There are 2 protein chains.
Amino acid sequence: MKRVMLIVAYDGTNYCGWQVQNNGTTIEGELNKALSSLLKEEITVIGASRTDSGVHALGNVAVFDTEARMPAEKMAYALNSRLPEDIRVQQSFRVADGFHPRKTSCIKTYEYRILNREFELPGERLNSHFFRKELDVAKMQAACPPFLGEHDFKSFCSIHTQAETTIRTIHSLNVTKEGDIIRIRVTGNGFLYNMVRIIAGTLIQVGFGATDPSEIPAILAACDRQAAGPTAPARGLTLVKMEYPEHPEFPA
Amino acid sequence: MKRVMLIVAYDGTNYCGWQVQNNGTTIEGELNKALSSLLKEEITVIGASRTDSGVHALGNVAVFDTEARMPAEKMAYALNSRLPEDIRVQQSFRVADGFHPRKTSCIKTYEYRILNREFELPGERLNSHFFRKELDVAKMQAACPPFLGEHDFKSFCSIHTQAETTIRTIHSLNVTKEGDIIRIRVTGNGFLYNMVRIIAGTLIQVGFGATDPSEIPAILAACDRQAAGPTAPARGLTLVKMEYPEHPEFPA
């Protein structure tokens with residue numbers, strides 16, 4: 001028996017999120033199906049981040065156990081030919097038997113992408129949130145520092161959360177603009193349900209002037225979902241990467 | 001009666017190209033339908049570039065005549081709400097009654113986009129050609145100069161062409177790389193059927209060493225489709241813009 005880790009990229013547009021459910025196709029379900037068919041045994045992956053419907057990933061992580069003799073490194077190629085074209089394994093390798101991708105401390109990086117111009121661009125529609133009103137990037141940048149460090153992020157958490165605590169640590173949060181594309185990139189030790197999308201929605205409000213950057217500390221302190229901005233749409237969000245500080249050797 | 005010009009962007013993935021045909025949905029057909037519904041008269045656009053199935057555009061051009069009193073500038077907004085989300089008009093404005101987008105001399109810019117890495121990225125699949133073998137960009141760049149200027153491009157033209165002459169002028173051709181993305185950008189006074197995709201296919205062969213940059217002049221001189229490389233897939237190609245030197249006022 002060996003435990004294998006997969007680094008998985010996907011376009012979440014056509015999926016009901018990561019986690020297997022009764023109605024609708026999921027990333028996890030497609031991986032289980034492709035793995036079981038490839039390895040001729042019933043495989044159930046354990047995912048690191050159970051992304052929502054419509055959210056994308058460049059580097060989500062999943063592990064599974066197998067008796068197969070196929071070298072772990074070869075599995076990425078073999079799996080991709082059995083997966084739909086909107087899911088692609090980027091890497092596969094063996095990890096320690098006890099490794100659990102959600103119970104091991106990790107640093108996640110997300111990117112929220114906004115197309116900010118007068119008219120939509122069809123080629124950007126699947127992985128950007130289109131926003132017509134001009135956004136002031138300098139103001140959005142000025143709103144970032146109060147988010148850094150350890151805070152109770154209850155204001156930035158969907159009321160549907162099941163989390164035991166709403167305290168999280170954000171290591172970095174920055175906003176950059178290139179042409180018509182504004183990118184919000186955030187790194188932290190874990191995120192609450194919808195937290196990145198609510199941060200993005202709040203920064204967008206700052207960008208068009210509905211909220212002043214100076215209001216962010218009070219919004220955080222309120223510990224009230226009503227105090228923050230709206231949840232920005234799923235299509236703009238991508239899980240960029242997961243890093244395990246206790247395991248600097250992967251992803252390679 | 002007035003003649004109106006549209007600048008149109010689209011993701012060509014789900015279309016049988018620009019031109020109306022009996023079987024399958026086309027960009028031209030969708031524009032005619034949306035315009036006729038908006039303006040309450042039968043509208044038939046004249047397109048500038050009849051792009052192939054699967055080819056994208058950021059700035060194709062179409063004109064049509066209408067009796068409608070709606071100001072031409074307002075039409076872009078009104079049309080977009082009646083078009084599918086993979087077609088978006090970027091601008092609409094009045095032009096001289098006699099203006100014909102194919103009979104007026106113009107300069108077209110195309111971009112061919114290649115994703116060059118070990119594994120596909122789902123988010124790039126609709127507008128890039130995935131190529132696994134490493135491409136030598138310096139060699140691809142070295143192959144560009146012989147294409148510049150006026151040549152008989154018969155070697156770079158599909159045998160299905162109906163063009164009267166295969167002589168064309170290329171104003172610029174360059175290859176750039178950013179991360180895993182290689183872009184081939186070409187500007188000229190018109191292109192033969194599949195010409196940009198055959199140039200891209202030939203440059204890819206140069207990139208992985210099947211063709212030497214020094215062979216390009218002989219490939220051009222052969223005036224034989226067999227001498228050039230394969231036709232690269234449609235999904236990597238985007239019509240970036242059209243410029244009318246006699247009408248420097250548009251697109252605005």
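Data block above holds the structure.
Predicted model, so just to flag it, every value in this text is computed and none were measured.

A. Up close: the overall build of chain A. When you go through chain A residue by residue, the secondary structure sums to five helices and 10 strands. Taken over the C-alpha trace, chain A has a radius of gyration of 19 Å; the compact-globule value for 252 residues is 18 Å, and the two agree within 12%. Dimensions of chain A, computed from the C-alpha atoms along their principal axes, are close to 60 × 40 × 35 Å. Counting the 252 residues in chain A, one finds 55% classified as buried. Contacts in chain A between residues far apart in sequence, at least 24 positions, make up 72% of those at least 6 positions apart. Here chain A has roughly 11,100 Å² of accessible surface; of this, 47% comes from carbon and sulfur atoms. Looking at chain A, you have 28 positive and 29 negative side-chain charges, and the mean spots of the two groups are 4 Å apart.

B. Quick look at the relation of the copies chain A and chain B. Of the two same-sequence chains, chain A is brought onto chain B (RMSD 0.0 Å, axial shift 0.0 Å) by a rotation of 180 degrees. Considering both components of the superposition, the chain copies are consistent with a two-fold axis. Of all interface residues in chain A, 100% are interface residues in chain B too; the two copies therefore contact each other through one and the same surface.

C. Local environment of the side chain of Ser128 of chain A. Residues and elements named next belong to chain A. With respect to the helices and strands, the residue Ser128 is situated in the loop between strand E5 (107-116) and strand E6 (129-131). Classification of Ser128 as buried rests on a relative accessible area of 2%. Side-chain polar atoms of Ser128 contact the side chain of Arg113, separated by 3.1 Å. In contact with Ser128, not counting residues within four places along its chain, are Arg113, Leu115, Ile181, Arg235 and Gly236.

D. Here's a closer look at the pairing of strand E5 (residues 107-116) of chain B. All names here are of chain B. Of all 10 residues making up E5, nine are buried, and the element is well covered by its neighbours. One ladder, built from six bridges, connects E5 with strand E10 (residues 237-243); its direction is antiparallel. Note on E10: the bridge partner recorded for Lys108 is Met242. Sheet topology note: the E5/strand E9 (residues 181-188) ladder contains eight bridges and is antiparallel. In the strand pairing of E9, Thr109 is matched with Thr187. For E5 and strand E6 (residues 129-131), the ladder comprises three bridges, and the chain directions are parallel. Note on E6: the bridge partner recorded for Leu115 is Phe130.

E. Quick peek at the interface of chain A and chain B. Every contact between the two is made by 25 residues of chain A and, on the other side, 25 residues of chain B. Summed over both sides, the interface of chain A with chain B buries roughly 2,000 Å², with 51% coming from carbon and sulfur. Summed over the shared surface of chain A and chain B, the result is eight salt bridges. Residue Asp11 of chain A is joined to Arg125 of chain B by a salt bridge in which the shortest nitrogen-to-oxygen separation is 2.9 Å. In this assembly, chain A and chain B are joined by 10 residue pairs in polar contact (both at pLDDT 80 or more). Residue contributions to the side of chain A that touches chain B peak at four residues, all from strand E4 (residues 87-95) of chain A. In the side of chain A that touches chain B, the residues fall into 11 nonpolar, three polar and 11 charged.

F. Main features of unusual backbone geometry. Positive phi, normally seen in glycine, also occurs at Asn194 of chain A, with a value near 70 degrees. Looking at where Asn194 of chain A falls in the secondary structure, it is placed in the loop between strand E9 (181-188) and helix H4 (195-207).

G. Expanded view of the pattern of salt bridges. Evaluation of the coordinates by the stated rule reveals 24 salt bridges over all chains. Note that Arg197 of chain A and Asp52 of chain A form a salt bridge whose closest N and O atoms lie 3.5 Å from each other. One end of the pair, Arg197 of chain A, is in helix H4; the other, Asp52 of chain A, is in the loop between strand E2 (46-47) and strand E3 (56-66), with 145 residues separating them in the sequence. On the basis of relative accessibility, which here comes to 14%, the residue Arg197 of chain A falls in the buried class. With a shortest N-O distance of 3.2 Å, Glu111 of chain A and Arg183 of chain A are connected by a salt bridge. With a gap of 72 residues between them, Glu111 of chain A in strand E5 and Arg183 of chain A in strand E9 connect regions that are remote in the sequence. In this structure Glu111 of chain A comes out as buried when scored by relative accessible area, which is 14%. Through salt bridges that share partners, Asp11 and Glu85 of chain A together with Arg125 and Arg235 of chain B make up one connected network.

H. Helix H1 (residues 27-39) of chain B, seen in detail. Residue and element names in this part refer to chain B. Between its first and last C-alpha, H1 extends 18 Å over 13 residues, near the 18 Å set by a 1.5 Å rise per residue. Within H1, 10 of the 13 residues are buried, which leaves it mostly tucked inside the rest of the structure. When H1 is considered as a whole, its buried residues turn out to be Ile27, Glu28, Glu30, Leu31, Asn32, Ala34, Leu35, Ser36, Leu38 and Leu39. Where the residues of H1 are buried, they touch strand E1 (2-10), strand E3 (56-66), helix H2 (75-80) and strand E4 (87-95). In the stretch just after H1, Lys40 is the one whose phi turns positive, near 55 degrees.

Rules and cut-offs
Residues numbered from 1 in each chain as written. Chains lettered and ligands numbered in written order. Predicted model: local features only at pLDDT ≥ 70, side-chain atom pairs only at ≥ 80, totals over all residues. Heavy atoms only, no water. Helix = DSSP H or I, 4+ residues; strand = E, 2+ residues; numbered from the N terminus. Rg over C-alpha atoms; globule rule 2.2 N^0.38 Å. Buried < 20%, exposed > 50% of the residue type's maximum accessible area, 1.4 Å probe, protein only. Contact = heavy atoms within 4.5 Å. Areas by Shrake-Rupley, 256 points an atom, 1.4 Å probe, with all protein chains shown as cover. Lys, Arg positive; Asp, Glu negative; His and termini not counted. Charge placed at Lys NZ, Arg CZ, Asp CG, Glu CD. Least-squares fit on C-alpha atoms with pLDDT ≥ 70 in both. Polar contact = N/O pair within 3.5 Å; in protein donor to acceptor, adjacent residues only side chain to side chain. Pairing = 2+ DSSP bridges. Buried area = accessible area lost by both parts, 1.4 Å probe. Salt bridge = Lys/Arg side-chain N within 4 Å of Asp/Glu carboxyl O. Nonpolar A, V, L, I, M, F, W, Y, C, P; charged D, E, K, R; others polar. Expected span 1.5 Å × (residues − 1).

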